[in-house]
Amino acid sequence: MLPVVVVHGGAGHVPRTRAEQSLSGVCSAARGGYAVLRGGGSSMDAVVEAVRILENDPHFNAGCGSVLNVRGDVEMDAIVMDGRTLSSGAVSAVRNIANPVQLARLVMDKTSHACLTAGGAQQFARSLGVPEVPQESLITEYSRMRWKKNLAPDANPVECQMGKMGTVGAVAVDREGNVACATSTGGMLNKMEGRVGDTPCIGSGGYADNQSGAVSTTGVGEAIMKVTLARLILFHMEQGQSVEAASDLGLAHMKSRVGGLGGVVTVDPQGRWAARFNSLQMAWAAGQNGTLHYGLYAGEDFTQSMDPDQDPDQGHGPPPAGVRH
Ligand code: GLY
């Protein structure tokens, strides 16, 4: 069962034209995270690597490709949490950083704090020599187009709803049975300047505890925070629920109690895993026992071998390339 890594590319509605790229992106991230684990790396190393890959992929709402706030700027949030020690690190409302997940890890490793925000996080990055990147390098044509479209008074409500989602994240268990989570996001399309969502908040955007498991969440941040979704799911696991049942109970509670939609990836310390969502879609992928699992719509679980001798691109993209379970 061990090791295992599970990643998501955000719950919501993936337009048909971007579905293949989303699946390809989550599969690459799961492969990257799994390679770290297979090489003997820790679950923390694996989730940071998987999320770094997703941040660098312009098809996701994190790092390059982040949605824009109401002023047309990129402000990003990220968190990491280590299930061995319950140590965590987070950044919120950071600008000009290519990989906020790596900065979140530095907050965990190099400070006694849990979260640094905005200018303070920027200053911390500078003090460690983390390079600043021009904002333009984080903005895609697609994110600018959606920003303009959603500013319009006749904005399409489906587009608006999409804009509330798209966070990326990962959970993993390494050979030693240590769990970890990482989550990163550009937040909500057209959010107010300075708005901080669920992602950098412990227990909302993610949680990891070797005594129960790890969760990374995606969805409408304001709803996720109201129910502390990640911690709620681990509570259900502590009460004896499986990773699937606990994830579904958490998501169902968020929907019935506050009307929130979203998705999660969840592991327990034994390596059992789940990718669950109550939105229309969530691109996800998992690596375990040399096999890559992936899906986009509810009920999908396609597989392909991660044997390095095989074409690494084989099966990425439309589901028929894999085997459905
Ligand atoms: N879940 C991401 C956000 O609302 O910021």
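Thresholds applied
Residues numbered from 1 in each chain as written. Predicted model: local features only at pLDDT ≥ 70, side-chain atom pairs only at ≥ 80, totals over all residues. Heavy atoms only, no water. Phe/Tyr/Trp six-rings, centres within 6.5 Å; stacked < 30°, edge-to-face > 60°. Helix = DSSP H or I, 4+ residues; strand = E, 2+ residues; numbered from the N terminus. Buried < 20%, exposed > 50% of the residue type's maximum accessible area, 1.4 Å probe, protein only. Core = buried A, V, L, I, M, F, W, Y, C linked by side-chain atoms within 4.5 Å. Contact = heavy atoms within 4.5 Å. Near = heavy atom within 4 Å. Polar contact = N/O pair within 3.5 Å; in protein donor to acceptor, adjacent residues only side chain to side chain. Areas by Shrake-Rupley, 256 points an atom, 1.4 Å probe, with all protein chains shown as cover. Nonpolar A, V, L, I, M, F, W, Y, C, P; charged D, E, K, R; others polar. pLDDT = per-residue confidence, 0-100. UniProt positions renumbered as here; feature names shortened; annotations may be inferred.

Chemist: So, the packing of aromatic side chains: which residues are in play, and what are the values?
Modeler: Taken as a whole and assessed by the stated rule, the structure comprises 2 aromatic pairs. Summarising the aromatic geometry, the rings of Trp273 and Trp284 are spaced 5.6 Å apart at their centres and angled 50° between planes, so their arrangement reads as tilted. On the criterion of sequence distance, the pair formed by Trp273 in strand 10 (residues 273-277) and Trp284 in strand 11 (residues 281-288) is long-range, its members being 11 residues apart. For the residue pair Trp273 and Trp284, the accessibility class agrees, reading buried in each case.

Chemist: How would you explain the nonpolar core if you had to name every residue and give the values?
Modeler: Ranked by size, the top nonpolar core spans 56 residues in total, and within it Val7, Val26, Val80 and Ala285 carry the most contacts. Setting aside chain neighbours within four positions, we find Val26 in contact with Val7, His8, Gly9, Leu54, Phe60, Ala283, Trp284 and Ala285. By size, the runner-up hydrophobic cluster in this structure holds 36 residues, among which are Tyr207, Ala208, Ala214 and Ala246.

Chemist: Talk me through the site of the ligand; I want residue IDs and the actual numbers.
Modeler: Taken together, Thr167, Thr185, Gly187, Arg195, Gly197, Asp198, Thr199, Gly219 and Gly221 form the complete shell of residues around the ligand. Take Asp198: an N or O atom from its side chain is 2.7 Å from a nitrogen atom of the ligand. In the complex, the protein chains occlude 100% of the 190 Å² of accessible area that the ligand would expose alone. Grouping the amino acids of the shell around the ligand by side-chain chemistry returns no nonpolar, 7 polar and 2 charged.

Chemist: Lay out the confidence of the model for the protein chain in plain terms, naming residues and giving numbers.
Modeler: Confidence in the prediction of the protein chain, expressed as mean pLDDT, is 92, and 90% of residues score 70 or more. Between residues 160-164, whose pLDDT stays under 50, and residues either more than four places distant or in other chains, the model counts 14 contacts. Contacts of residues 312-325 to residues separated by more than four positions or lying in other chains number 33 contacts, the stretch itself having pLDDT below 50.

Chemist: How would you explain the UniProt feature "binding site: substrate" (unreviewed entry) in the protein chain if you had to name every residue and give the values?
Modeler: Following the UniProt record, one finds the feature "binding site: substrate" (unreviewed entry) at Arg195, Val196, Gly197, Asp198, Thr218, Gly219, Val220 and Gly221. As for its placement among the helices and strands, Arg195 is situated in the loop between strand 6 (179-185) and strand 7 (206-209). Once residues within four sequence positions are removed from consideration, Arg195 is found in contact with Glu75, Gly187, Met188, Gly221 and Glu222. Mapped onto the fold, Gly221 is located in helix 7 (residues 221-227). Discounting chain neighbours no more than four positions away, the residues touching Gly221 are Arg195 and Asp198.

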